[in-house]
Amino acid sequence: GGSMAGRGGMGGGFNNLGMGRQESNFYNDEEYDGSFGSAGAGGGGRGGGYDDFNRPQGGGGGDTQYVINMRGLPFSATRRDINLFFAGKASVMDVEIHYSNDGRPAGTASVLFPSEEDARAAMDLNRKSMGSRYIELYLEGPV
């Protein structure tokens, strides 16, 4: 009697395992979809938002900033002139006009762009004119 009950038990065990496996697969799929969705919308979305607003310098792959050096600027050029030069083409984060040792404008500047995309778009303006001067642009690359 005992051994037959044992065998019955084993049979039951296999059955359960089969059923269990199916159930857990189905459950895992559901759980995966659910958590994937919420992680994307909640976690990822929120994290991205914080990065963009509080930490523009965040080290993530998406927010690497790019620098372009400008040469041939009119000596009268201001930060506003440089912003206008790129306006409609790329968004400028920061402009630094370079001065020579005696305090006069050197005719060069560094411009910081929020992304590689902006910097590449800005490079389309290479050799375009500002006033009577044509401007040379050099993509320095990521900061």
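No experiment lies behind these values; they were computed from the predicted model shown.

Enquirer: Looking at this model, I keep getting lost on the pairing of strand β2 (residues 94–99). Mind explaining?
Expert: For a regular strand, the rule is simple: side chains alternate between the two faces of the sheet. Sheet analysis places β2 next to strand β3 (residues 105–113), joined by 5 bridges and oriented antiparallel. Bridge assignment links aspartate 94 to a residue of β3, and that residue is leucine 112. Counting the residues between successive antiparallel strands, the hairpin from β2 to β3 contains 5 residues, one of them, glycine 103, with a positive phi of roughly 85 degrees.

Enquirer: What's the story with helix α3 (residues 116–123) in this structure? I'm lost.
Expert: Because an α-helix packs 3.6 residues into every turn, residues spaced three or four apart end up facing the same way. Among the residues of α3, Asp118, Ala119 and Ala122 are the ones counted as buried. The buried residues of α3 all sit within an arc of 100 degrees when viewed along its axis, so they share a single face. The elements touched by buried residues of α3 are β1 (66–71), α2 (79–86), β3 and β6 (136–142).

Enquirer: I would appreciate a short explanation of the sheet that holds β3 in the present structure.
Expert: Think of a sheet as strands paired side by side through backbone hydrogen bonds, with each pair either parallel or antiparallel. One open sheet accounts for 4 strands, arranged β2-β3-β1-β6; its pairing is antiparallel. Of all the strands in the sheet, the pair left with one neighbour each is β2 and β6. Ignoring which end each strand starts from, the neighbouring axes of this sheet average 20 degrees apart. α2 contacts β1, β2, β3 and β6 of the sheet and is inclined by roughly 130 degrees relative to β2.

Enquirer: What is the right way to look at the pattern of salt bridges in this model?
Expert: The final tally for this structure, using the stated rule, is 4 salt bridges. Between arginine 104 and aspartate 102 there is a salt bridge, and its shortest N-O distance comes to 3.0 Å. A salt bridge links glutamate 116 to arginine 120; the shortest N-O distance between them is 2.7 Å. Separated by 4 residues within a single helix, glutamate 116 and arginine 120 lie in helix α3, roughly one turn from each other. For glutamate 116, a relative accessible area of 32% translates into the label partly exposed.

Enquirer: For this particular structure, what's the right way to read the side chain of serine 110?
Expert: Among the secondary structure elements, serine 110 is positioned in strand β3. Among the polar contacts listed, one links the side chain of serine 110 to the side chain of asparagine 69, at a separation of 2.8 Å. Polar contacts involving the side chain of serine 110 include one to the side chain of histidine 98, which spans 3.0 Å. If we skip the residues at most four places from it in the chain, serine 110 touches Val67, Ile68, Asn69, Asp94, Val95, Glu96 and His98.

Conventions adopted
Residues numbered from 1 in each chain as written. Predicted model: local features only at pLDDT ≥ 70, side-chain atom pairs only at ≥ 80, totals over all residues. Heavy atoms only, no water. Pairing = 2+ DSSP bridges. Helix = DSSP H or I, 4+ residues; strand = E, 2+ residues; numbered from the N terminus. Buried < 20%, exposed > 50% of the residue type's maximum accessible area, 1.4 Å probe, protein only. Arc of directions from axis to C-beta. Contact = heavy atoms within 4.5 Å. Axes fitted to C-alpha atoms, helices over the stretch in contact; angles between N-to-C directions. Salt bridge = Lys/Arg side-chain N within 4 Å of Asp/Glu carboxyl O. Polar contact = N/O pair within 3.5 Å; in protein donor to acceptor, adjacent residues only side chain to side chain.

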